[in-house]
Amino acid sequence: MGWLSKIFKGSSHRISEGQYHEKYGDDGVWNEPSNSLDTLSEYENEDIAHAIALSLSEEEQKKAKAIENAATLEEDEQLARALQESLNADSPPRENGHAYQPVPFLFSSGFRWICAGCNTEIGHGRFLSCMDAYWHPECFRCHACNQPISDYEFSMSGNYPYHKSCYKELYHPKCDVCKQFIPTNMNGLIEYRAHPFWMQKYCPSHEMDGTPRCCSCERMEPRDIKYVTLDDGRKLCLECLDSAIMDTSECQPLYLDIQEFYEGLNMKIEQQVPLLLVERQALNEAMEGEKNGHHHLPETRGLCLSEEQTVSTILRRPRIGAGNKIMNMITEPYRLTRRCEVTAILILYGLPRLLTGSILAHEMMHAWLRLKGYRSLSQEVEEGICQVLAHMWLDSEIISGSGSNVASTSSSSLASTSSKKGSRSQFERKLGDFFKHQIESDTSPAYGDGFRAGNQAVLRYGLRPTLDHIKLTGTFPC
């Protein structure tokens, strides 16, 4: 009788004491006399037959719906199992700290995604959702090595994913000294030191672990390159060694070039002033024996002497022996006699040509000032104008060595004296720029502030008017 209740919109029926009760939900009850089923009219039989037909049709629809629901339930159960497998898996990979989920998913026929790697449809199975796209696991690949990324974390550069190890190899800075990755500090940040000119990057620890620097260019010695060790303990890189001047006779052509440089400025030195290349110990001893003069501490690399004394000079270029150490240094004593206000110019050996020349140009300006009667100048004025001449000489050398026909204001008259020099290597030009940078950025009051004041005066008024003003007032013109 269950199917019969459908035609009465869900009411319940029962036979009781000659009464038929029909309840329409909970709204109310109506009564009428009970009748036996076998006494139903023909019209009522037709209604019942029609109701039976309708009920059978609805039963068929219900069975079809049940089959469809069962299929949906089975797919939902498969999805639930897949999601549970994902939840039971290890922690998902992370994209620069943000997780991407390698979610396993089974797609129905009406719900499809396209793989961002191969541009084909992602069917049933596992897939990755990251970088605002969907991927087959084998299609999500490192931009560097082109291998699938299956790690728990990956790195990004631009719009490209990388294995963390590949990203580190490409983008994490390495120390130019030990060639290792520069470590992070206690805050997790990459911290390193860098030379202000050469931009050589290195671990902060190398400033305290005794790593040597080149005495010329100041670059630190890499672990895979052996610097040359001079007899006084100084280190010289191989590039600076290439043009290093090692003995007195080797320095004489450079001395003649700088004399011509001074002649080009109408500042010829008439007196014959000896030039000697010396070791550091001999330079320090000569400095102690000199009563006058200013010295650039903590290291002096050149002296203009006025006193008579005996100096040990380098007679022959030493050779490089085992362990890249200087060997067979031959020296001889040289007795200085006073014939004028200047007895000699001493230059420290073992420095590249451009640095040796800039020191020599500086000391020759000291000699010129003394020989021309510039007395009692302050240290800032005397050292400042000497640095101006050293800077001008470097400028002329760099211009002539580069093959350029254009000279700067301070060295425009020097092109002819430098034209005979051939073009320089790229490193030597860079080295010349570095020595200029050292003069320009010196922080000492005498050598740094003095140079900047003197250079400004020369650029504004010219060299000769500036020198005339110094002789009259002892100061730079404003």
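It should be noted that the structure appears before, not after, this text.
The model shown is predicted, which means the values in this text are computed figures rather than measured ones.

**Some words on the nonpolar core**
Working step 1: Core analysis: the biggest nonpolar cluster contains 69 residues, and Met-365, Ile-385 and Leu-463 have the highest contact counts within it.
Working step 2: Counting residues per element, this core draws most heavily on helix α6 (residues 353–371), which supplies 11 residues.
Working step 3: For Met-365, the residues in contact, after removing those within four places along its chain, are Tyr-262, Met-267, Ile-385, Cys-386, Leu-389 and Leu-467.
Working step 4: Membership of the second largest hydrophobic core comes to 15 residues, among which are Cys-130, Trp-135, Cys-139 and Cys-142.

**Notes on the state of the cysteines**
Working step 1: By the definition in use, this model includes 0 disulfides.
Working step 2: Left unpaired, Cys-178 is separated from the closest cysteine sulfur, that of Cys-175, by 3.6 Å.

**A look at the environment of Ile-149**
Working step 1: Examined against the element boundaries, Ile-149 turns out to sit in the loop between β11 (133–135) and β12 (153–157).
Working step 2: What makes Ile-149 buried here is its relative accessible area of 3%.
Working step 3: Each C-alpha atom of the pair Ile-149 and Lys-164 lies 9.5 Å from the other, and the pair is 15 residues apart in sequence.

**Some points on the sheet that holds strand β20 (residues 302–305)**
Backbone hydrogen bonds hold the strands of a sheet together, and the pairing may be parallel or antiparallel.
Working step 1: The strand order across the open sheet built from 3 strands is β19-β25-β20, with neighbouring strands paired in mixed fashion. Single-partner strands in this sheet number two, and they are β19 (275–278) and β20. Adjacent strand axes in the sheet meet at a mean angle of 20° when their direction is disregarded.
Working step 2: The pairing of β20 with strand β25 (residues 344–348) spans 4 bridges and is classified as antiparallel. Directly across from Leu-303, in β25, lies its bridge partner Leu-346.
Working step 3: The strands that helix α5 (residues 280–289) touches are β19, β20 and β25; relative to β20, the one it contacts most, it runs at about 40°.

**Quick look at the pairing of β19**
Taken residue by residue, a regular strand's side chains alternate between the two faces of the sheet.
Working step 1: Neither face of β19 is exposed, since Leu-275 and Leu-277 on one face and Leu-276 and Val-278 on the opposite face are all buried.
Working step 2: In this structure, β19 lies alongside β25, joined through 4 bridges in parallel fashion. Residue pairing for β25: Val-278 is matched across the bridge by Leu-348.

**Some remarks on the pattern of salt bridges**
Here the idea is simple: oppositely charged side chains can pair when their charged atoms come close.
Working step 1: In the structure shown here, the tally under the stated rule is 15 salt bridges.
Working step 2: Measuring nitrogen to oxygen at the nearest pair gives 2.8 Å for the salt bridge that ties Arg-317 to Glu-250. You can see Arg-317 sitting in the loop between β21 (310–316) and β22 (319–320) and its partner Glu-250 sitting in helix α4 (residues 248–264), a full 67 residues away along the chain.
Working step 3: Residue Arg-317 is classed as partly exposed on the basis of its relative accessible area of 37%.
Working step 4: Exposure remark for Glu-250: the relative accessible area of 29% places this residue in the partly exposed category.
Working step 5: Beyond isolated ion pairs, a larger network of salt bridges with shared partners links Glu-191, Arg-193 and Glu-207.

Criteria and thresholds
- Residues numbered from 1 in each chain as written.
- Predicted model: local features only at pLDDT ≥ 70, side-chain atom pairs only at ≥ 80, totals over all residues.
- Heavy atoms only, no water.
- Core = buried A, V, L, I, M, F, W, Y, C linked by side-chain atoms within 4.5 Å.
- Buried < 20%, exposed > 50% of the residue type's maximum accessible area, 1.4 Å probe, protein only.
- Helix = DSSP H or I, 4+ residues; strand = E, 2+ residues; numbered from the N terminus.
- Contact = heavy atoms within 4.5 Å.
- Disulfide = S-S within 2.5 Å.
- Pairing = 2+ DSSP bridges.
- Axes fitted to C-alpha atoms, helices over the stretch in contact; angles between N-to-C directions.
- Salt bridge = Lys/Arg side-chain N within 4 Å of Asp/Glu carboxyl O.

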